[in-house]
Amino acid sequence: MTVEERPLAIGDVVTDVPLQTFDGGEFRLSSLRGRPLLAVCVRYYG
Amino acid sequence: MREAHASIEALGARVVAVGTGSTAQARRLMETGTPFPCLVDADRRLYRALGLGRVGWRTIFDPATYMNYWRAWRRGARQGDVSGDPRQLSGVAILDPEGRLRWRHVSRTVGDYPSLPDVMTRLRELGGGRDGPLRSRRGA
């Protein structure tokens, strides 16, 4: 499955897409596994 | 969310913010005291994975949208420069320690965020507390 095909269902492992940190580094949500994670996806930073 | 960060951490959970804007804006938020990572998803891959859509221009200029802006302004929110995709809708997701999606709120329009008490309740219901099922069996 690719992220473009269909949204994830409850229970699916969240696709570990590369995100960027404020200094341009790569960050993956998988690096935070081991504890519950609250991910807030905002409309935009402003 | 800044104010609630300690309470969320007390439930054993971590918090990240994700935006479609620039890393410079993420840096500014971090430098102004945001206590959790502000990340950038410039190509919206996480947003698409979570099923977070984009809003039409008509909705952006709808009076109801401006009412949401006004309510946010009354809460003290101030709009800075906009970067990223202004049509992107927001959302909130709770992942368990193994990275599985356990709950999500998909915004239907501009300003459609779940209330903080609702998010906290979801975390507790899903067992984000010290001994809850969302906590890793590895004890991490």
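In case you missed it, the structure is sitting above this.
Read on for a plain summary of the structure. Predicted, not measured: the structure shown is a model, and the values here were computed from it.

### Some thoughts on the overall build of chain A
Line of reasoning, step 1. Counting secondary structure elements, chain A contains zero helices and three strands.
Line of reasoning, step 2. When its helices and strands are written in sequence order, chain A yields β-β-β.
Line of reasoning, step 3. Every one of the 46 residues in chain A was classed for burial, and the buried ones make up 35%.

### Let's talk about the overall build of chain B
Line of reasoning, step 1. Along the backbone of chain B there are six helices and four strands.
Line of reasoning, step 2. Mapped in sequence order, the helices and strands of chain B form the string α-β-α-β-α-α-α-β-β-α.
Line of reasoning, step 3. Taking the contacts inside chain B whose residues are at least 6 apart along the sequence as the reference set, 57% of them involve residues at least 24 apart.

### Some words on the nonpolar core
Line of reasoning, step 1. Counting residues in hydrophobic clusters, the biggest one holds 39 residues, and the most contacted among them are Leu38(A), Ala39(A), Val40(A), Cys41(A) and Leu50(B).
Line of reasoning, step 2. Every element with two or more residues in this core is listed here: strand E3 (37-41) of chain A together with strand E1 (14-19), helix H2 (23-31), strand E2 (38-40), helix H3 (45-49), strand E3 (91-95) and helix H6 (116-125) of chain B.
Line of reasoning, step 3. Other than its neighbours up to four places away in sequence, Cys41(A) contacts Val18(B), Leu46(B), Tyr47(B), Leu50(B), Leu52(B), Ser90(B) and Gly91(B).

### Brief notes about unusual backbone geometry
Line of reasoning, step 1. Here the phi dihedral of Arg44(B) falls at roughly 65°; this positive angle occurs in a residue that is not glycine.
Line of reasoning, step 2. Within the secondary structure layout, Arg44(B) lies in the loop between E2 and H3.

### Some words on the pairing of E3(B)
Line of reasoning, step 1. With five of five residues buried, E3(B) lies mostly within the body of the structure.
Line of reasoning, step 2. Where burial is concerned, the two faces of E3(B) agree: the one with Gly91(B), Ala93(B) and Leu95(B) and the one with Val92(B) and Ile94(B) are both buried.
Line of reasoning, step 3. Of the strand pairs in this sheet, E3(A) and E3(B) are connected by five bridges, and their pairing is antiparallel. Opposite Ala39(A), over in E3(B), you have Ala93(B) as the bridge partner.

### Notes on the pairing of E1(B)
Line of reasoning, step 1. Most of E1(B) is tucked away: five of the six residues are buried.
Line of reasoning, step 2. Inspection of the sheet shows E3(A) paired to E1(B) by five bridges, in the parallel sense. Directly across from Leu37(A), in E1(B), lies its bridge partner Arg14(B).
Line of reasoning, step 3. The pairing of E1(B) with E2(B) spans three bridges and is parallel. Of the residues in E2(B), the one forming a bridge with Ala17(B) is Cys38(B).

### Brief notes about the interface of chain B and chain A
Line of reasoning, step 1. If you look at the interface, chain B gives 63 residues, while chain A gives 34 residues.
Line of reasoning, step 2. Residue assignment for the side of chain B that touches chain A shows that the elements contributing at least two residues are E1, H2, E2, H3, E3, strand E4 (101-106) and H6 of chain B.
Line of reasoning, step 3. Split by residue class, the side of chain B that touches chain A holds 34 nonpolar, 17 polar and twelve charged.

### Focus: helix H5 (residues 63-74) of chain B
All names here are of chain B.
Line of reasoning, step 1. Over its twelve residues, H5 extends 17 Å from the first C-alpha to the last, a length consistent with the 16 Å expected when each residue adds 1.5 Å.
Line of reasoning, step 2. Summarising burial for H5: zero of the twelve residues are buried, a small minority.
Line of reasoning, step 3. Note on H5: the residue one or two positions beyond its end, glycine 76, has a positive phi of about 105°.

### Let's talk about the environment of Leu37(A)
Line of reasoning, step 1. Assignment of secondary structure puts Leu37(A) in strand E3.
Line of reasoning, step 2. Those residues in contact with Leu37(A) that sit more than four places away from it in its chain are Leu29(A), Leu32(A), Ala13(B), Arg14(B), Val16(B) and Leu95(B).

What counts and what doesn't
Per-chain numbering applies: the sequence of each chain, read as written, is numbered from 1 onward. Labels follow written order: the first chain is A, the first ligand is 1, and so on. Restriction of local features to residues with pLDDT of at least 70 applies here, the model being predicted, together with a cutoff of 80 or more for giving and counting side-chain atom pairs; totals for whole chains, interfaces and linings are based on all residues. The helix and strand labels rest on DSSP assignments: H or I over at least four residues marks a helix, E over at least two residues marks a strand, and numbering proceeds from the N terminus. With C-beta atoms placed from the backbone, a residue is buried if 20 or more other C-beta atoms are within 10 Å of its own, exposed if 12 or fewer are, and partly exposed between those counts. Two residues qualify as a contact pair if the distance between their C-beta atoms, derived from the backbone, is within 7 Å. A set of buried Ala, Val, Leu, Ile, Met, Phe, Trp, Tyr and Cys residues, joined to one another through C-beta atoms within 7 Å, is what we call a nonpolar core. The pairing criterion for strands is at least two bridges between them, as found by DSSP. Classification used: nonpolar for Ala, Val, Leu, Ile, Met, Phe, Trp, Tyr, Cys and Pro, charged for Asp, Glu, Lys and Arg, polar for all others including Gly. A helix is expected to span 1.5 Å for every residue after the first.

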